[in-house]
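Listed below, chain by chain, are the residues.
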Amino acid sequence: MANMQMAIANIERIDIITGDSPPRVLSFDSASDASAQAQISAGSEKELRIKNQIVAQNFSEDIVKGFNISFTDSTFSPEVFALVDGGQSYVSDSGAYTCYSAPAAGQVVSRTKCTLVIYSSEKDYDGHSLSFTAFAFPNASGSPASVSLRDGEFFAPSYTLKSRPSKGSSPMTVLSLPSMPVIVGSAADLPPSPVAGKTVILAAASGIAGLASNISAGTYALYTSSGYAAI
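Residues numbered from 1 in each chain as written. Predicted model: local features only at pLDDT ≥ 70, side-chain atom pairs only at ≥ 80, totals over all residues. Heavy atoms only, no water.

Caption draft 1: Just a nonpolar patch on the surface, in detail. Residues Met4, Met6 and Ile8 make up a contiguous nonpolar surface patch of roughly 320 Å² in combined accessible area. One can find methionine 4 in the segment before strand S1 (8–18). (Patch = residues over 30% accessible without salt bridge, like charges linked within 9 Å, V, L, I, M, F, W, Y side chains within 5 Å. Areas by Shrake-Rupley, 256 points an atom, 1.4 Å probe, with all protein chains shown as cover. Salt bridge = Lys/Arg side-chain N within 4 Å of Asp/Glu carboxyl O. Helix = DSSP H or I, 4+ residues; strand = E, 2+ residues; numbered from the N terminus.)

Caption draft 2: Spotlight on helix H1 (residues 78–85). Most of H1 is tucked away: seven of the eight residues are buried. Within H1, the full set of buried residues consists of Pro78, Val80, Phe81, Ala82, Leu83, Val84 and Asp85. Of the residues flanking the end of H1, it is glycine 86, one or two places downstream, whose phi is positive at about 100 degrees. (Buried < 20%, exposed > 50% of the residue type's maximum accessible area, 1.4 Å probe, protein only.)

Caption draft 3: Region of interest: the sheet that holds strand S14 (residues 200–203). An order of S13-S14-S15-S16 is seen for the four strands of this open sheet, with the pairing classed as mixed. Looking along the sheet, the strands with just one partner apiece sit at the ends: strand S13 (182–184) and strand S16 (227–230). If you compare each strand with its neighbour and ignore which way they point, the axes differ by 35 degrees on average. Relative to strand S15 (residues 220–224), S14 runs antiparallel, the two sharing three bridges. Bridge pairing in S15 places leucine 202 opposite tyrosine 220. (Pairing = 2+ DSSP bridges. Axes fitted to C-alpha atoms, helices over the stretch in contact; angles between N-to-C directions.)

Caption draft 4: Fine view of the packing of aromatic side chains. All chains considered together, the criterion is met by nine aromatic pairs. Their ring planes at 45 degrees and their centres at 5.7 Å tell us that phenylalanine 76 and phenylalanine 155 sit as a pair that is tilted. Separated by 79 residues along the polypeptide, phenylalanine 76 in the loop between strand S6 (63–73) and H1 and phenylalanine 155 in the loop between strand S10 (129–142) and strand S11 (158–163) bring together distant segments of the chain. Put simply, the rings of Phe28, Phe71, Phe76, Phe81, Tyr97, Tyr100, Phe155 and Tyr159 pair up and form one aromatic cluster. Between the NZ or CZ atom of arginine 13 and the centre of the ring of tyrosine 119, over which it lies, the distance is 4.9 Å. (Phe/Tyr/Trp six-rings, centres within 6.5 Å; stacked < 30°, edge-to-face > 60°. Lys NZ or Arg CZ within 6 Å of the ring centre and 35° of its normal.)

Caption draft 5: Spotlight on the nonpolar core. Ranked by size, the top nonpolar core spans 19 residues in total, and within it Ile14, Ile16, Phe71 and Leu161 carry the most contacts. Per element, the largest residue contribution to this core is four residues, and it comes from H1. Membership of the second largest hydrophobic core comes to 11 residues, among which are Ile17, Val117, Ala136 and Leu202. (Core = buried A, V, L, I, M, F, W, Y, C linked by side-chain atoms within 4.5 Å.)

Caption draft 6: Up close: unusual backbone geometry. A cis amide bond, omega -5 degrees, links serine 21 with the succeeding residue proline 22. Summarising the element assignment, proline 22 is placed in the loop between S1 and strand S2 (25–28). Positive phi is not limited to glycine here, since asparagine 10 has a value of about 75 degrees. As for its placement among the helices and strands, asparagine 10 is situated in strand S1. Positive phi values are uncommon outside glycine, yet asparagine 139 reaches one of about 50 degrees. Residue placement: asparagine 139 occurs in strand S10. Since its relative accessible area comes to 32%, asparagine 139 is described here as partly exposed.

Caption draft 7: How the structure looks around the environment of serine 121. Along the chain, serine 121 turns up in strand S9 (residues 114–123). Assessed through its relative accessible area of 0%, serine 121 is described here as buried. C-alpha of serine 121 to C-alpha of leucine 177: the two residues are 56 residues apart in sequence and 9.2 Å apart in space. Once you skip the residues sitting within four places of it in the chain, serine 121 turns out to touch Ala7, Ile8, Ala9, Asn10, Glu12, Ser129, Ser131, Phe132 and Thr133. A polar contact is formed between the side chain of serine 121 and the side chain of glutamate 12, at a distance of 2.7 Å. (Contact = heavy atoms within 4.5 Å. Polar contact = N/O pair within 3.5 Å; in protein donor to acceptor, adjacent residues only side chain to side chain.)

Caption draft 8: Quick peek at the environment of proline 171. Structurally, the position occupied by proline 171 is in the loop between S11 and strand S12 (173–177). Put simply, proline 171 and alanine 140 are 31 residues apart on the chain and 10.0 Å apart in space, counted from C-alpha to C-alpha. When residues no more than four places from it in sequence are discounted, the contact partners of proline 171 are Val64, Gly66, Phe67, Ala136, Phe137, Pro138, Ser163 and Pro165.

Any functional reading would require information beyond the geometric quantities listed.
Pasting the structure below:
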């Protein structure tokens, strides 16, 4: 049997799903690059060698603790910056951004836990997208942000989040989706004309009218002939 091969390209979107109740979903399609570096507890290897002969070996395997995910955004989003850095972003009464205040120096920062999802797409021979691939990293939190500015260049902040799942949980999930998910925070956000087998939603709240009870906040659902089914 031939090995399945998928041609994956581009960063279609990044979603940051907070652990708040209900969660916030910060979604943007302006990331220029992203990477996930596995963080491991290195195993050990010891051999019993007598002269020119290895008599026995004793070793332990590497254990994955989680991932450090880094990405660069081509634009400045005060809300994303605040979530990752751990400070507070302020807006005016009209909703316009006014300022950002970083965490107090010398104090422990309690950053918001979140799930980070990076979407890419599977390309066909003619360049069309066959499906979309979501790389999801649970129980992530940000780290102090660095600022780099250059004359004549747009400000492109770089972020790093550390994903450390609970014991026994998967540190990374890779989903294949037939379409990019629509973020649904209420029944009013549901697509008006969903297509069976194609329409995917990301629930931004629990108990949304028209959805099954097992489609909770932060989960995906695919539209079928009988309604939305959790993925």
